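Residues per chain, in single letters:
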Amino acid sequence: MAALKGPSGAAEESGIPRILVVGGGYVGMYTALRLQRRLKHGEAEIVVVEPQPYMTYQPFLPEAAAGSISPRHVVVPLRRVLDRCTLVIGEARRIDHGKRVATLTTLATEEEGSLALELPYDHLVLAPGSVSRTLPIPGLAEHGIGFKTVEEAIGLRNHVLEQLDIASSTRDVEVRDAALTFVFVGGGYAGVEALGELEDMARYAVRYYHNVEADDLRWILVEATDRILPEVGEEMGRYAVRELRGRNVDIRLNTRLESCENRVAVLDDGSRVPTRTLVWTAGVKPHPVLSRTDLPLGGRGRIACTADLRIAGTEGAWAAGDAAAVPDLTSGDPGAVCAPNAQHALRQARVLADNIVASLRGEPLTDYRHAYAGSVASLGLHKGVAQVYGRKLKGYPAWFMHRAYHLSRMPTFNRKARILAEWVLSGLFKREIVSLGSLENPRAEFELAAETGRKPDAP
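Residues numbered from 1 in each chain as written. Predicted model: local features only at pLDDT ≥ 70, side-chain atom pairs only at ≥ 80, totals over all residues. Heavy atoms only, no water.

## Some remarks on the sheet that holds strand 23 (residues 374-380)
Judged by pairing direction, the sheet is antiparallel, and its three strands sit side by side in the order 23-24-25 without closing on themselves. Across the chains shown, the open sheet's two edge strands, defined by having one partner strand only, are strand 23 and strand 25 (391-394). Recorded for the sheet is a direction-independent mean angle of 5 degrees between the axes of neighbouring strands. Summarising the sheet, strand 23 and strand 24 (residues 383-388) pair through six bridges and their orientation is antiparallel. By the bridge assignment for strand 24, Ser375 is matched with Gln387. Its contacts with the sheet put helix 9 (residues 189-205) on strand 23 and strand 24, and the angle it makes with strand 23 is roughly 30 degrees. Along the sheet, helix 10 (residues 234-246) contacts strand 23, strand 24 and strand 25; its crossing angle with strand 24, the most-contacted strand, is approximately 175 degrees. (Pairing = 2+ DSSP bridges. Helix = DSSP H or I, 4+ residues; strand = E, 2+ residues; numbered from the N terminus. Axes fitted to C-alpha atoms, helices over the stretch in contact; angles between N-to-C directions. Contact = heavy atoms within 4.5 Å.)

In structure tokens:
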């Protein structure tokens, strides 16, 4: 395998330590950003490996799916933000920390048909995040839709609007009913917020369809436990159930999906629900690259870490975020670890970067300690629930707090200003309800014209 030296030359040849950041999400981007601000010129080389050239701010995905925010404004371009780092668009396949070498694949290696690249490093920041946790349910792989990336969010928006078009143009009652039935599996943040925003959007959109009414839409939320949104507390979770059921959302608690073959969702309560839309948001799991390292794993397959965010039993290896089991020093339980959420990830990234700088300079390290402040969740436009520092909010105040909090956490002033401008404009003008599903296959029209000789604009 070839050794990747990078644009700035091999760090081991220049004597400059190389910091390899695997992942460009919350932890990866914020760690690299703080490192480039704190490190002096020539003190270290920072290399970030990430499959996409942007960081996705996931809390805004439901609003992007509903059309309240442009999809390009919920992502942060890494090359612009990390201008003093070397960005490698690729994926870490294996990590041998004993040799301090990461094996990478990039777009170039795929095009060239060459072997993977080997990148030596001195310090490793392992922050690949998480992936959707799926189960071996018949039909799920074929018909399920995820909701973790901006591509999935916009694809789901286009899909929902396309179902309204199908229902409006068919005379087949079974096809119409299946098109107007939307099943969401998972009652956490992703499932509830996505359902709330899309239900709002679809209810607004049907006013432009002459033969589809809001009451024709059927929304079903399937949750395996006895509550939804556990992060906001039991009382606010019950309020969220009442709010959604008041909008004719069918919430099935203590219920599991058994099958979704042939576009029929079969639930363990005996229900059979024909549907053309099944959204799977039932949890996440650590990134698969963690199992291809020689680093110690803790509970649920996450990297075992110490309180100062070093990987347990190693030197020069650090981790945080969804992929890391970080001790929760604010908990009374000595075995407790921090929840894998954005609130901890953002704060852990700051401590992690400072500890790497301290390690390079021979200074003492700092333990990560943060008491959980609470949670906010949107249930659609002007509707939400929140529990912050013990105070409970619902309705418009909670929705406003949700927007204000996440706007404040959105990276860069550029993105903050653009999102705020879109919110102002959305309050002045009508909601956009155009489906651009053809963007998912942009060459289809050209291929059709090339194969048939038909002009693209021919009737």
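Next comes the rest of the write-up.
## Brief notes about the pattern of salt bridges
Tallied over the full model, the rule gives 18 salt bridges. Residue Asp216 pairs with Arg176 through a salt bridge whose shortest N-O separation is 3.0 Å. Linking Asp216 in the loop between helix 9 and strand 13 (218-222) with Arg176 in helix 8 (residues 173-179), this pair joins segments that are 40 residues apart in sequence. The exposure class of Asp216 is partly exposed, given its relative accessible area of 33%. Residues joined by salt bridges that share partners form a network here, namely Glu199, Asp200, Arg203, Glu243, Arg247 and Lys383. (Salt bridge = Lys/Arg side-chain N within 4 Å of Asp/Glu carboxyl O. Buried < 20%, exposed > 50% of the residue type's maximum accessible area, 1.4 Å probe, protein only.)

## Description of the sheet that holds strand 13
Read from one edge of the open sheet, five strands run 11-18-12-13-14, paired in parallel fashion. Either end of the sheet is taken by a strand with one partner, and the two such strands are strand 11 (144-145) and strand 14 (249-252). Examined bridge by bridge, strand 11 and strand 18 (residues 277-280) share two bridges and lie parallel to one another. Across the sheet, the residue bridging to Gly144 is Leu278, located in strand 18. Here helix 7 (residues 150-169) sits on the sheet and contacts strand 11, strand 12 (181-185) and strand 18; the angle it forms with strand 18, its principal contact strand, is near 160 degrees.

## Here's the deal with helix 13 (residues 413-428)
With 16 residues, helix 13 extends 23 Å between its outermost C-alpha atoms, agreeing within 8% with the 22 Å of an ideal straight helix rising 1.5 Å per residue. For helix 13, the full list of buried residues reads Arg415, Ile419, Glu422 and Trp423. One face of helix 13 carries all of its buried residues, which in axial projection span an arc of 100 degrees. Seen from the open side of helix 13, the exposed residues pointing more than 90 degrees away from its buried face are Phe413, Gly427 and Leu428. (Expected span 1.5 Å × (residues − 1). Arc of directions from axis to C-beta.)

## Notes on the packing of helix 12 (residues 396-409) against helix 13
Contact pair helix 12 / helix 13: the axes reach a minimum separation of 9 Å and the direction vectors enclose 155 degrees. Classified by the angle their axes make, helix 12 and helix 13 are roughly antiparallel. Seen from above, helix 12 lies across helix 13 with right-handed handedness. For the pair helix 12 and helix 13, contact is made by Arg403, Leu407 and Ser408 and by Lys416, Ile419, Leu420 and Trp423, respectively. (Parallel < 35°, antiparallel > 145°, perpendicular 65-115°, else oblique. Left-handed = near helix turned anticlockwise from the far one by under 90°.)

## Observations regarding the layout of surface pockets
In this structure, the second largest pocket spans a volume of roughly 740 Å³. In terms of lining residues, the second largest pocket is bounded by 28 residues, among which Gly67, Ser68, Arg157, Arg431 and Glu432 are the most central. Elements with a contribution of two residues or more to the lining of the second largest pocket: helix 7, helix 12 and helix 13. Here the lining of the second largest pocket gets five residues from one element, more than from any other, and that element is helix 7. Across the lining of the second largest pocket, the residue classes tally to 12 nonpolar, eight polar and eight charged. (1 Å grid on protein atoms, 1.4 Å probe; cavity = no way out; pocket = protein on both sides within 12 Å on 5 of 7 lines; lining within 4 Å. Points joined across faces, edges and corners; volume = space filled by probe spheres on them. Nonpolar A, V, L, I, M, F, W, Y, C, P; charged D, E, K, R; others polar.)

## So, a nonpolar patch on the surface
Taken together, the side chains of Leu420, Val424, Leu425, Leu428 and Phe429 present a nonpolar region at the surface, about 530 Å² in accessible area. Along the chain, the position of Phe429 falls in the loop between helix 13 and helix 14 (444-452). (Patch = residues over 30% accessible without salt bridge, like charges linked within 9 Å, V, L, I, M, F, W, Y side chains within 5 Å. Areas by Shrake-Rupley, 256 points an atom, 1.4 Å probe, with all protein chains shown as cover.)

## Some thoughts on the confidence of the model for the protein
For the protein, per-residue confidence averages 89 on the pLDDT scale, and residues scoring 70 or more make up 94% of the total. Here residues 6-11 scores under 50 on pLDDT; set against residues more than four positions off or in separate chains, the count is 11 contacts. (pLDDT = per-residue confidence, 0-100.)

## Remarks on the packing of aromatic side chains
Applying the stated criterion across every chain yields a total of eight aromatic pairs. Where Phe182 meets Trp219, the ring centres are 4.4 Å apart and the plane angle is 25 degrees; that geometry is what we call stacked. Taken together, the residues Phe182 in strand 12 and Trp219 in strand 13 connect sequence positions 37 residues apart. The exposure classification of Phe182 matches that of Trp219, with both residues buried. Arranged with centres 5.9 Å apart and planes meeting at 65 degrees, the rings of Tyr204 and Tyr208 form a pair that is edge-to-face. Under the relative-accessibility criterion, Tyr204 is labelled buried at 14%. (Phe/Tyr/Trp six-rings, centres within 6.5 Å; stacked < 30°, edge-to-face > 60°.)

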